[in-house]
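Inside the fold
Each chain is listed here by its residues.
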There are 2 protein chains.
Amino acid sequence: MKIVTLGPEGTFSHEMATLIGADEIVLVPTIGKVFAEVVKTGTTGLVPLENSEAGGVTSTLDCLMQYPVTITLESYLPIHHCLAGTSEQITRIYAHPQSHEQCSRIIEDLNVPVIHTESNAASAIAQKSDPGSAAIISERLASRHQIPLIRSNIENNACNITRFVQISPGNSSQGLQATGEKKMDQGLEKCSLIIDPDENRAGLLYDLLTPFKREGVNLTRIESRPSKRSMGTYVFFLDIQCEGNWKTSVTELQQIAPIKHLGCYGRWQKQMENS
Amino acid sequence: MKIVTLGPEGTFSHEMATLIGADEIVLVPTIGKVFAEVVKTGTTGLVPLENSEAGGVTSTLDCLMQYPVTITLESYLPIHHCLAGTSEQITRIYAHPQSHEQCSRIIEDLNVPVIHTESNAASAIAQKSDPGSAAIISERLASRHQIPLIRSNIENNACNITRFVQISPGNSSQGLQATGEKKMDQGLEKCSLIIDPDENRAGLLYDLLTPFKREGVNLTRIESRPSKRSMGTYVFFLDIQCEGNWKTSVTELQQIAPIKHLGCYGRWQKQMENS
């Protein structure tokens, strides 16, 4: 399988694409470009959706709103960072903003300026041309760029995990019925939805959740994002478990507010068995 | 009034602090340091909480979880960005990640590499020493650093607004009664809460919202953040309107899940009247 994901070589997205068994990996510089490529060429894409420490990846969430794509698989990658460099007196740190957030404690202790980069790979490259600096990168990247480790596993939380989703071109809004009926026995676990209520009133969110409560459907995640229409109006990203009468709930919800159905999907297991 | 906020000079936080009438402004390099300074010295702080395009400011949300502070005021600042530089052939763009997100459309059109910086002021400084580049900054910063404007109002959305909150040291958890009774007539409009359910079950969020639905209390915002305990567990930031029986709802909610009460506060009006 050919997968387009976030490069350059050595990103966690690249690592995840390798693990899930891509035969050919196309690396592009931004998450927006992953979505654009998926829609344009029909290739499968892989993007980070949320991290257990840093939260939702906003560019992925915004692209899920914007592009006609379907989520076809989720996968989880344990994330470990290290501090790498050659100097005993670190003058500055190169870090991607997400890596910064995941390692904020050690960065606060070091108390030197942090320069944000576009990717972990870019942090490694910046470190190489700045001998007084250190980079927050994976051990894999440190080894690839031959940068000595100063300290390993510097993430705030030892259980630091990123959740990725695999995306395919095409809206699945019209496919709820089909997906629901045909694939229920093929290991589908979750369904992702975007609700765009286009109104703001007391009890709105409660009403949106009522169909799930009534059918006892478990909501595994809810995240709000600005609607980008005006301040104080939001859209909601919901992940639900495909159990019991979940389809009834979704059908009822559709009568309350416009939804974008992002698809039903299973979880890639191998990584979890090995780790 | 003395206010500590995010520097360096020329940030939107600095502008907001000036507008709300600070006599003395202390500028620190990160949002975390604003909170630390507020708690350590007892000074009032000012931090950005959310933007209408880019969403919640995660460092502020995480610090609100972590530090014993109370929100005492909210204020809104219309945000306009410009593209500033000297070259006709732009080779790269310096931008703060939030400014990048707010101006993503023009950046995509320009199709040149983006270098992320720690603040808008840092983008201006970086541009000055890199003649082929452009910076995404406010007109105020461009003028301060004498960088020619290439294009004004480049934000994706003309109604681009950032919501700031003023913070004071001290938990307000114990002060719900006092705040609610004493100050209801003094223009308090909103109350902010963090709910940390420490469990994950079908219908949980619905149950958390039930007290508000029952009393007809308007929820103006809900945002989830990782609990940082494990993947898939979240805390919820809620803003409610201080109307009707909102105190009954909060008291009921306290019986369902642990909450951190961030305080009740009014809205700074002058800016909105002038704009």
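Residues numbered from 1 in each chain as written. Chains lettered and ligands numbered in written order. Predicted model: local features only at pLDDT ≥ 70, side-chain atom pairs only at ≥ 80, totals over all residues. Heavy atoms only, no water.

Turning our eyes to something else, we now look at the pairing of strand β3 (residues 44-51) of chain A. All names here are of chain A. Among the eight residues that make up β3, eight are buried, leaving the element largely enclosed by the rest of the structure. In this structure, strand β1 (residues 2-6) lies alongside β3, joined through three bridges in parallel fashion. Looking at β3, one finds that I3 is bridged to T44. As paired elements, β3 and strand β11 (residues 161-169) share six bridges and run antiparallel to each other. Note that in β11 the partner of N51 across the bridge is T162. Here two bridges tie β3 to strand β4 (residues 55-56), and the two strands are oriented antiparallel to one another. Its bridge partner lying in β4, E50 is registered against G56. (Buried < 20%, exposed > 50% of the residue type's maximum accessible area, 1.4 Å probe, protein only. Helix = DSSP H or I, 4+ residues; strand = E, 2+ residues; numbered from the N terminus. Pairing = 2+ DSSP bridges.)

Turning next to the side chain of A:T60. One can find A:T60 in helix α3 (residues 58-66). Apart from the residues lying within four places of it in its own chain, the contact partners of A:T60 are A:I31, A:F35, A:V47, A:P48 and A:L49. (Contact = heavy atoms within 4.5 Å.)

Turning to the relation of the copies chain A and chain B, a few remarks are in order. Superposition record for chain A on chain B: RMSD 0.0 Å, screw rotation 180 degrees, translation along axis 0.0 Å. With respect to symmetry, the two chain copies, as superposed, fit the operation of a two-fold axis. (Least-squares fit on C-alpha atoms with pLDDT ≥ 70 in both.)

So, on to unusual backbone geometry. Here A:G7 and A:P8 are connected by a cis peptide whose omega angle stands at 5 degrees. Turning to its location among the elements, A:P8 is positioned in the loop between β1 and α1 (12-19). The backbone phi angle of A:Q146 is positive, close to 55 degrees, even though this residue is not glycine. Within the chain, B:N153 stands out as a residue other than glycine whose phi angle is a positive 50 degrees. Given a relative accessible area of 48%, B:N153 falls into the partly exposed group.

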